Amino acid sequence: MGTIKSTWAGTPISLDDQLEDAAWSGAQDKQMKFDGGFMLAKNDAKYLYVVLDVVKDTHNDPGTGDYFWFTFDLNRNRAITPRYDVNYGNYPGNPNKMGRQYYLGAGRWTGLLNEVQKSECKSTFGTSPNSSTPHRIWKFKFRLTDLKINLLWWWFSSYTKFGFRVHSNKPNLNYDTPANFFRDFSKLHTLYFSRKPSISTADLGPVMGSVGLIPTTKINSSGRATTASNYFIYARNAAFGGLLNVIGNRTKMNQLPGIGAKKYKVFHRKGTSGGFSEFVTSWYNYKWNGSDYVLEASSPDSSNFYKMPNSGVDYSIDDLLFQFNSTKLNTGLHQFKVKFYNNAGIEVGATSPEQVLGMYIDNNVPEVSINSVKYKNAEIGACGIVNLQNANDQIDVDFEAFDTEGNLLDYSLTARWGDGDSKNIVYKKYDPVTTPGNWKGSHHILGSFKAEKTCAHSFNVYARARTTNGYGYVGKNTTYRYVTIIKP
């Protein structure tokens, strides 16, 4: 069983990028060796980028029987789960067209699926930092959602289990790693995803640099965050909720030990007036032990001092000052500050002015309901049956999507029927240009639907909160009603 650590891709990687290009910088330091060459990996919030640098395949024969398999244990249980775990491969004779197939059992698959494939592959031939002799290089771009990976899951280490084959006709080479991987998942390799994008130093707060990926300089006086649309996380006047990571300014964290900082305290108050009190919380962070990430607990001592994080240790979340479950706090603006101390309990490293971080905490989800479903002004109850008088007649839906605190991100009304068919009836999202400030939504929103066929239908209302944990939006609510529509 091998292990490879993906590094963060600061910009999306093209399959035309070379291993010598800046896009792949840093990946070679963490590459994994296999019998025929080397595997490199980087990722961003949307894709896993992989290169199989097959230095032993030195015959340039594109379009022949050369092929690859790339297997992922999607639920990571080290066992083949039929019709869930996947194997990617290229279409015969087409090295640059990739498809996927589900496992049916050991060494058995459904065959490549007939689907639009958003993941990509490319076969190239050339030199690399691993060999100056031209050789086969396979490049891949896997969509994280297809791999069942969500980098928002910050309470545990994000990883996948995998194995692959690279085959060449000339020379006659076949490399399976690990051996027999497509029949036995128990020894699959592990790939750990990076969740450490580099935030611009200019954007970081002086002590508390960021909340997750959101720089504290992007949080306004009301405790809501706004970032650019092309930033890692596009926050639009967003409140905070869920499990929150307050991360230190890397430059400051590196300087503090040199001036004697050994410990620190966190202080908190509700609102913007009154005294601060010591804030007590505890958390776990994953620490790299040389071959794996292992859990390490952090909590204050009896005097509410926290131990300084070791900047020389590779943590899943580097420079983590404190983590807390915001559901334990009341809705509204909360303020925090951090002070550092030497072993004698004397404050060191104070900044002027003192940084006070405000966050508007809101863990409430939007209110959603279907007020009525009507045909020609007559109510259709749940599980009701309606016979349309005319094929073009419409069903009218009155629903609500409302957020008392004004932290509504978007809402939708969708009709679903049959074998996965659906149609979006109403959709509206928060727009800070047309709706500056906060947005509550509405109690009465109207939508009309014309059925395409006789079938049982569900009308689904979905609403998301404009609330972030620093890595994406959290908080949603949904409701639905079933009716059967019969067309003439």
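Calculation criteria
Residues numbered from 1 in each chain as written. Predicted model: local features only at pLDDT ≥ 70, side-chain atom pairs only at ≥ 80, totals over all residues. Heavy atoms only, no water. 1 Å grid on protein atoms, 1.4 Å probe; cavity = no way out; pocket = protein on both sides within 12 Å on 5 of 7 lines; lining within 4 Å. Points joined across faces, edges and corners; volume = space filled by probe spheres on them. Helix = DSSP H or I, 4+ residues; strand = E, 2+ residues; numbered from the N terminus. Nonpolar A, V, L, I, M, F, W, Y, C, P; charged D, E, K, R; others polar. Pairing = 2+ DSSP bridges. Buried < 20%, exposed > 50% of the residue type's maximum accessible area, 1.4 Å probe, protein only. Contact = heavy atoms within 4.5 Å. Core = buried A, V, L, I, M, F, W, Y, C linked by side-chain atoms within 4.5 Å. Phe/Tyr/Trp six-rings, centres within 6.5 Å; stacked < 30°, edge-to-face > 60°.

A. How the structure looks around the layout of surface pockets. Approximately 1000 Å³ is the volume attributed to the largest pocket. Lining the largest pocket are 33 residues, and of these Ala45, Lys46, Tyr231, Phe232 and Ile233 lie nearest its centre. Among the elements of the structure, strand S5 (47–54) and strand S11 (131–143) are those that each provide at least two residues to the lining of the largest pocket. The residue makeup of the lining of the largest pocket, split by class, is 19 nonpolar, 7 polar and 7 charged. Taken as a whole, the second largest pocket spans an internal volume of roughly 780 Å³. Arg195, Lys196, Pro197, Arg250 and Asp318 are the residues nearest the centre of the second largest pocket, which is lined by 34 residues in total. Elements represented by at least two residues in the lining of the second largest pocket include exactly strand S2 (7–8), strand S15 (208–211), strand S18 (243–248) and helix H1 (250–255). Grouping the constituent residues of the lining of the second largest pocket by class yields 12 nonpolar, 14 polar and 8 charged.

B. Main features of the sheet that holds S15. Read from one edge of the open sheet, 4 strands run S16-S15-S18-S24, paired in antiparallel fashion. In the strand order of this sheet, the two ends are held by strand S16 (214–215) and strand S24 (320–325), each with one partner. Bridge count for S18 against S24 is 5 bridges, and the pairing is antiparallel. Residue pairing for S24: Val246 is matched across the bridge by Phe322.

C. How the structure looks around the pairing of strand S30 (residues 384–387). The alternating pattern of S30 places Gly384 and Val386 on a buried face, while none of Ile385 and Asn387, on the opposite face, is buried. Looking at chain direction, S30 and strand S36 (residues 473–486) are connected through 4 bridges and run parallel. Looking at S36, one finds that Gly384 is bridged to Val483.

D. Seen up close, the side chain of Ser158. Along the chain, the position of Ser158 falls in the loop between S11 and strand S12 (159–168). Not counting residues within four places of it along the chain, the set of residues in contact with Ser158 comprises Ile149, Asn150, Leu151, Leu191, Tyr192, Phe193 and Arg195.

E. Structural context of the nonpolar core. Formed by 37 residues in total, the largest nonpolar core has its most connected members in Phe322, Phe340 and Met359. Residue assignment for this core shows that the elements contributing at least two residues are S15, S18, strand S19 (263–270), S24, strand S25 (332–341) and strand S27 (357–361). Among the elements that make up this core, the one with the highest residue count is S24 (4 residues). For Met359, the contacting residues outside a window of four places in its chain are Val211, Gly223, Phe240, Leu244, Val246, Phe324, Gly332, Leu333, His334 and Phe336. Counting residues in each nonpolar core, the second largest holds 32 residues, with Ile4, Phe68, Trp138 and Phe164 among its members.

F. The packing of aromatic side chains, seen in detail. According to the stated counting rule, one finds 39 aromatic pairs in the structure shown. When the ring of Tyr67 is compared with that of Trp69, the centres are 5.9 Å apart and the planes differ by 45 degrees; the resulting orientation is tilted. With a relative accessible area of 21%, Tyr67 lands in the partly exposed category. Taking 5.7 Å as the distance between ring centres and 80 degrees as the angle between the ring planes, the aromatic pair formed by Phe449 and Phe459 counts as edge-to-face.

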